[in-house]
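Reading the structure
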Amino acid sequence: MSLTPNLQSFIDIKYYNSYTSFKIIFNKRLFMSDEKLYIVLMGLPARGKSTLAVRLRDAFQKSSISARIFNNGNLRRIYGTLDETARSEFYSPENSAAVELREGFARMNMQKAKAYLQNSGRIAILDATNAERKRRAAIEKYLNDHPLLFIECVNDDEDILTLSIQEKIKLPEFAHLKDRAAKEFLKRIDYYRMIYTPLKPERNYIRIDSLQNMIIEEKHSDVIPFYERLRDTLVTDEVKNLFLIRHTQTEYNVAGRIGGDSPLTKKGRAQAKALGRFFTRRKISYIFTSRRIRTIDTAKAICEMQNDCRIISLKEFDEINAGICERMTYEDIEKNLPHVFKKRGADKYHYVYPGGESYETMKSRITQGIKKAFFLNRRASNIMIVGHQAVNRMILSHFLYRREDDVPYIYVPQDRFYHIVSTHNKKLFELKRYD
Ligand code: F6P
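Residues numbered from 1 in each chain as written. Predicted model: local features only at pLDDT ≥ 70, side-chain atom pairs only at ≥ 80, totals over all residues. Heavy atoms only, no water.

**Quick word on empty space enclosed by the protein**
- All told, the structure shown has two cavities of 30 Å³ or more when counted by the stated rule.
- There is about 40 Å³ of room inside the largest cavity.
- Asn 72, Ala 106, Asn 109, Met 110, Leu 126, Asp 127, Ala 128, Asn 130, Arg 135 and Ile 139 together form the lining of the largest cavity.
- Secondary-structure elements contributing two or more residues to the lining of the largest cavity are helix H6 (96-118), strand S3 (123-127) and helix H7 (133-142).
- Ranked by residue count, the leading element in the lining of the largest cavity is H6, at three residues.
- Taken together, the residues that form the lining of the largest cavity break down as five nonpolar, three polar and two charged.
- By volume, the second largest cavity is sized at about 30 Å³.
- Along the walls of the second largest cavity sit Leu 244, Ile 245, Arg 246, Asn 392, Val 412, Pro 413, Arg 416, Phe 417, Tyr 418 and Leu 431, which together make up its complete lining.
- Put simply, the parts of the chain that give the lining of the second largest cavity at least two residues each are strand S7 (239-246) and strand S11 (416-422).
- Classifying every residue of the lining of the second largest cavity gives seven nonpolar, one polar and two charged. (1 Å grid on protein atoms, 1.4 Å probe; cavity = no way out; pocket = protein on both sides within 12 Å on 5 of 7 lines; lining within 4 Å. Points joined across faces, edges and corners; volume = space filled by probe spheres on them. Helix = DSSP H or I, 4+ residues; strand = E, 2+ residues; numbered from the N terminus. Nonpolar A, V, L, I, M, F, W, Y, C, P; charged D, E, K, R; others polar.)

This is how it looks when you write it as structure tokens:
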């Protein structure tokens, strides 16, 4: 049976049977101020490595453990010429001059990381693709004065890749490539794929699904300091500020019709503007919506009042599909489809509309939407979702446990929004007015 590193360190402790020695050794093991660690990230471009690096650094710093990131891309941007390094050819394994240059940046960061831990630093995070086994062997050999843990970020969701690339190519370094930027970036990924070998012979590693925040596989040959804190950071969905808004009033809302793709009313447009004014006090970089006009138009009014804001419409946030009942009023359903009305009323969470969905069947797509939004929102501390009544109920229940029977009745008004915080130290659920 393999033991987790921390359990292993506990067993080391157990051998001392007098209380005093136990205490001394225990303190030494877990609170030794000279315990240090190299974390080396690995993964293809656009897999969430840099976001993870920042998350780890911030989490350690919050616990008063000094941590610093050493990013090869930053050195490339400082010392390379952007014109050259943004092009895919720079990443070709055949381009020996560029390979030499990139290996040089990697060595430079290895030296910096080593010097950092030789001084006051406790955790050095090396952020690069580190796709090749040869590079990783060199890292393990050179950084041999403290334990070293590789973390591989895996994520092959096509939508996420496309959206991530769209975001990346907005960076100034890609500006000169214009329409070709996305293609060049995809080609860069292909070049990395050619030399990519997953982690295996390395002494210590964790492979994570960086979209799901889930550990896929891990191997430990050494005791890894700060392991619990690290693992916790890897698997916890931290929500700094989630603003969960329901689209404002639509023509269908006034008519009492469900589903469809109806536009906002005059009142709805005024409500959206009020939301926009309210949120000028917050920096919102991305607003996630469904693909329906009503969420997009609500988001547009908010975006227009921000400095630099983008709307990302995800199919996962489309309103519950009411199947044969789409565009009907509840009265129509009761009158014309009484069996549907009765059955849904009896078990609203599980009832599947003929040709449509139930709350229960929406669950996996809503969870996927939340994961996507959090992945794409990256390091921004505010995240905004403009959704629908049933969608927002499901999002709320993702963060705050509710009995299934209660979920379809959660209050989701149009003149207020939910502010959600769910971090290590803070939990907050607040329903707030915006005008
Ligand atoms: O009425 C607005 C709406 O968003 C509909 O499109 C959707 O079918 C409904 O709310 C979901 O709420 P409930 O599950 O209570 O019918």
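**Focus: the pattern of salt bridges**
- Using the criterion set out here, one finds 31 salt bridges in the structure.
- The residue Arg 291 makes a salt bridge to Asp 318 at a minimum N-O spacing of 2.6 Å. Here Asp 318 lies in the loop between strand S9 (310-313) and helix H14 (330-336) and Arg 291 lies in the loop between strand S8 (286-289) and helix H13 (293-303), a separation of 27 residues in the sequence.
- Judged by relative accessible area, Asp 318 falls into the buried class, the value being 5%. (Salt bridge = Lys/Arg side-chain N within 4 Å of Asp/Glu carboxyl O. Buried < 20%, exposed > 50% of the residue type's maximum accessible area, 1.4 Å probe, protein only.)

**Some details on the site of the ligand**
- In the neighbourhood of the ligand, the contacting residues comprise Arg 246, Ile 258, Gly 259, Glu 319, Ile 320, Tyr 330, Arg 344, Lys 348, Tyr 359, Gln 389, Ala 390 and Arg 393.
- For the ligand, an oxygen atom lies 2.7 Å from a polar atom in the side chain of Arg 344.
- For the ligand, the accessible surface in isolation is 400 Å², of which the surrounding protein chains cover 92%.
- Counting residues per element, the shell around the ligand draws most heavily on helix H17 (residues 389-399), which supplies three residues.
- Here the shell around the ligand is built from residues that sort into five nonpolar, two polar and five charged. (Near = heavy atom within 4 Å. Polar contact = N/O pair within 3.5 Å; in protein donor to acceptor, adjacent residues only side chain to side chain. Areas by Shrake-Rupley, 256 points an atom, 1.4 Å probe, with all protein chains shown as cover.)

**Details of the pairing of S3**
- Across the five residues of S3, five count as buried, placing the element largely inside the fold.
- Residues Ile 123, Ile 125 and Asp 127 line one face of S3 and the alternating positions Ala 124 and Leu 126 line the opposite face, and both faces are buried.
- Judged from the four bridges that link them, strand S1 (residues 37-42) and S3 form a sheet pairing that is parallel. If you follow Val 40 over to S3, its bridge partner there is Leu 126.
- Pairing between strand S2 (residues 67-71) and S3: five bridges, direction parallel. Bridging across to S3, Phe 70 finds its partner in Leu 126. (Pairing = 2+ DSSP bridges.)

**Describing the confidence of the model for the protein**
- Per-residue confidence for the protein averages 90 on the pLDDT scale, and 92% of its residues sit at or above 70.
- Across residues 1-31 the pLDDT falls below 50, and counting only partners more than four positions away or on other chains, this stretch makes 26 contacts in the model. (pLDDT = per-residue confidence, 0-100. Contact = heavy atoms within 4.5 Å.)

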